Amino acid sequence: MTLSLAVKVAVLMLFVCSILYVHLRGKARLPVLRQFVNHSAFFAPYNALMYLFSAVPSKPYLDRSKFPELDLLKNNWETIREEAMHLFDEGYIRAAEKNNDAGFGSFFKKGWKRFYLKWYDQPLPSAVALCPKTVELVSSIPNVKGAMFALLPGGSHLNPHRDPFAGSLRYHLGLSTPNSDACRIFVDGQEYAWRDGEDVMFDETYVHWVKNETDFTRVILFCDIERPLSNRLMGRINRSVSAFLGRATAPQNVDEERVGGINQAYAWSKRFSDGISGKVKTFKRANPKAYRVLRPVLAVVLLTALGYWLFG
């Protein structure tokens, strides 16, 4: 085996083992094939390092009292709710109108909506103008890397998924909720129901899903919190990686705000894929037998290309 081939095989095995580790972590799992093509697979080697050096336990829900700095948000939840409900009434909490929100693109189909406050950098100008008290509170806590108001209408749900980046943890603060056990999140199969003024911390890289089986809209404060790490060097690396990804996925609430490169690429890919998807559906309806033949042929071509890259 040549050195070049050995390196390629080692890299491939690193990715495969990392993906399997992420897949087998926890009780709730995505289908194996979906896990291997899911966007979280790309970050699997990095995420394995985050788990290895994590200073918090490896479990779905975390002890919120270990993050006392977040008391500031919980203690001011009514002030935060007042600004959130004003935005809700004015229609500012909404879906991405230009399909330029890669991180949450699939959620919008279920009626999920958001208004960004801060995203791994400075607060968004629209948030500073429209909800200054909440922005001030969020910005005063250094380990809050991203924050938004998130809305889920009654009778809606979010399918099982895992977030791709283990460099952060997820914090939810109930603002205007149904206050019902029928509006809840499942993290690795464990259930939590939102309540006004109550908060929860969880690891979003476990498979999780949401059900709002009430007639009422749920509005929460949704934050990404920097994962505490046991190694200072890894902490600096994680902050650098987080900052880079934050810039690349910069979102917007209004047209005048900057959009990161990944979100711009996602918007372009959506336009492209929507056009291709329409043509594929038309072809499938017109040529069902040819469609069934071409699907496995395409799979063989892709596998052949992968084999050529490894062994050619």
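Thresholds, definitions, all that
- Residues numbered from 1 in each chain as written.
- Predicted model: local features only at pLDDT ≥ 70, side-chain atom pairs only at ≥ 80, totals over all residues.
- Heavy atoms only, no water.
- Helix = DSSP H or I, 4+ residues; strand = E, 2+ residues; numbered from the N terminus.
- Rg over C-alpha atoms; globule rule 2.2 N^0.38 Å.
- Buried < 20%, exposed > 50% of the residue type's maximum accessible area, 1.4 Å probe, protein only.
- Contact = heavy atoms within 4.5 Å.
- Areas by Shrake-Rupley, 256 points an atom, 1.4 Å probe, with all protein chains shown as cover.
- Lys, Arg positive; Asp, Glu negative; His and termini not counted.
- Charge placed at Lys NZ, Arg CZ, Asp CG, Glu CD.
- Pairing = 2+ DSSP bridges.
- Axes fitted to C-alpha atoms, helices over the stretch in contact; angles between N-to-C directions.
- 1 Å grid on protein atoms, 1.4 Å probe; cavity = no way out; pocket = protein on both sides within 12 Å on 5 of 7 lines; lining within 4 Å.
- Points joined across faces, edges and corners; volume = space filled by probe spheres on them.
- Nonpolar A, V, L, I, M, F, W, Y, C, P; charged D, E, K, R; others polar.
- Domains from an automatic or database assignment.
- UniProt positions renumbered as here; feature names shortened; annotations may be inferred.
- Buried area = accessible area lost by both parts, 1.4 Å probe.
- Salt bridge = Lys/Arg side-chain N within 4 Å of Asp/Glu carboxyl O.
- Parallel < 35°, antiparallel > 145°, perpendicular 65-115°, else oblique.
- Left-handed = near helix turned anticlockwise from the far one by under 90°.
- Phe/Tyr/Trp six-rings, centres within 6.5 Å; stacked < 30°, edge-to-face > 60°.
- Lys NZ or Arg CZ within 6 Å of the ring centre and 35° of its normal.

Asker: How would you sum up the overall build of the protein? Please name residues and give values.
Answerer: Regarding its fold elements, the protein presents 10 helices and 10 strands. For 312 residues, the compact-globule estimate of 2.2 N^0.38 gives 20 Å, and the C-alpha radius of gyration of the protein, at 21 Å, lies within 12% of that figure. If you line up the protein on its principal axes, its C-alpha atoms span 60 × 50 × 40 Å. Looking at the protein as a whole, 45% of its 312 residues are labelled buried. In the protein, 74% of the contacts between residues at least 6 apart in sequence involve partners at least 24 apart. In the form shown here, the protein has an accessible surface area of approximately 16400 Å², with 61% of it arising from carbon and sulfur atoms. The averaged location of the 29 negative side-chain charges in the protein is 12 Å from the averaged location of its 40 positive side-chain charges.

Asker: Mind laying out the sheet that holds strand β10 (residues 218–226), listing which residues take part and the relevant values?
Answerer: Spatially, the six strands line up as an open sheet ordered β1-β8-β5-β10-β3-β2, and their pairing is antiparallel. Looking along the sheet, the strands with just one partner apiece sit at the ends: β1 (61–62) and β2 (113–119). For strand β5 (residues 168–176) and β10, the ladder comprises eight bridges, and the chain directions are antiparallel. Opposite Tyr-171, over in β10, you have Cys-223 as the bridge partner. The sheet strands contacting helix α5 (residues 77–90) are β2, β3 (144–152), β5 and β10, and the helix crosses β5 at an angle near 80 degrees.

Asker: Can you explain the layout of surface pockets? Please cite residues and give values.
Answerer: Of the pockets and cavities examined, the largest pocket occupies roughly 1000 Å³. Forming the walls of the largest pocket are 37 residues, and the residues nearest its centre are His-39, Ala-102, Gly-103, Phe-104 and Pro-164. If you list the elements that add at least two residues to the lining of the largest pocket, you get β2, β4 (156–161), β5, α8 (232–248) and α9 (261–286). Per-element accounting of the lining of the largest pocket gives the leading share, four residues, to β4. By residue class, the composition of the lining of the largest pocket is 16 nonpolar, 12 polar and nine charged. A domain split of the lining of the largest pocket shows at least three residues from each of domain 1 (61–252) and domain 2 (260–311).

Asker: Requested: an account of the UniProt feature "transmembrane region" (unreviewed entry) in the protein, with residues and values cited.
Answerer: Under the present numbering, the feature "transmembrane region" (unreviewed entry) in UniProt falls on residues 6–24 and 293–311. Helix makes up 100% of residues 6–24 and strand 0%, and the two end C-alpha atoms of the span are 27 Å apart.

Asker: Which residues make up the domain arrangement of the protein, and what are the values?
Answerer: Size of an interface: often given as the accessible area lost when the parts come together. Per the domain assignment, the segments of the protein are domain 1 (61–252) and domain 2 (260–311). Buried surface at the junction of domain 1 and domain 2, both sides included, amounts to about 780 Å², of which 55% is carbon and sulfur. Contact with domain 2 buries surface across domain 1, with Asn-99, Ala-102 and Ala-248 losing the most and accounting together for 52% of the total. On inspection of domain 1 and its partner domain 2, the count reaches zero salt bridges. Taken together, the residues of the side of domain 1 that touches domain 2 sort by class into four nonpolar, five polar and three charged.

Asker: Account for the packing of α5 against helix α7 (residues 132–139), with residues named and values stated.
Answerer: Contact geometry of α5 with α7 gives a least axis separation of 8 Å together with a crossing angle of 130 degrees. The orientation of α5 relative to α7 falls into the category oblique. The element α5 and its partner α7 pack so that their crossing is left-handed. Here Thr-79, Ile-80 and Glu-83 of α5 come into contact with α7, specifically with Pro-132, Lys-133, Thr-134 and Leu-137.

Asker: Describe empty space enclosed by the protein, with residues and values.
Answerer: Per the stated rule, a full pass over the model turns up one cavity of 30 Å³ or more. Estimated volume of the largest cavity: approximately 120 Å³. As for the largest cavity, its lining consists of 17 residues, of which Phe-107, Leu-158, His-172, Val-210 and Phe-222 are closest to the centre. Counting residues per element, the ones that place at least two in the lining of the largest cavity are β4, β5, β9 (208–212) and β10. If one sorts the elements of the lining of the largest cavity by residue count, β10 sits on top with three residues.

Asker: If you had to explain the packing of helix α3 (residues 44–52) against α8 to someone new, which residues and values would you point to?
Answerer: At their nearest, the axes of α3 and α8 sit 11 Å apart, and the two run at 140 degrees to each other. With respect to α8, the axis of α3 lies oblique. Judged by the sense of rotation from one axis to the other, the crossing of α3 with α8 is left-handed. Taking contact as the criterion, the partners of Tyr-46, Leu-49 and Met-50 in α3 are, on α8, Met-234, Ile-237, Asn-238 and Val-241.

Asker: Explain the packing of aromatic side chains to me, using residue names and the numbers behind them.
Answerer: Using the criterion set out here, one finds 14 aromatic pairs in the structure. Ring plane angle 80 degrees and centroid distance 6.4 Å describe the contact between Tyr-92 and Phe-115, whose orientation is recorded as edge-to-face. Here Tyr-92 is found in the loop between α5 and β2, whereas its partner Phe-115 is found in strand β2, with 23 residues between them in sequence. On the basis of relative accessible area, Tyr-92 is assigned to the partly exposed category, the value being 28%. When the ring of Phe-186 is compared with that of Trp-209, the centres are 5.4 Å apart and the planes differ by 10 degrees; the resulting orientation is stacked. Of the two residues, Phe-186 is situated in strand β6 (residues 183–187) and Trp-209 in strand β9; the sequence distance between them amounts to 23 residues. The residues Phe-186 and Trp-209 share a single accessibility class, namely buried. Each member of the aromatic cluster is reached from another via a ring pair, and the members are Phe-104, Phe-107, Phe-108, Trp-112 and Phe-222. The lysine or arginine in question, Arg-25, covers the ring of Tyr-51, its NZ or CZ lying 3.7 Å from the ring centre.

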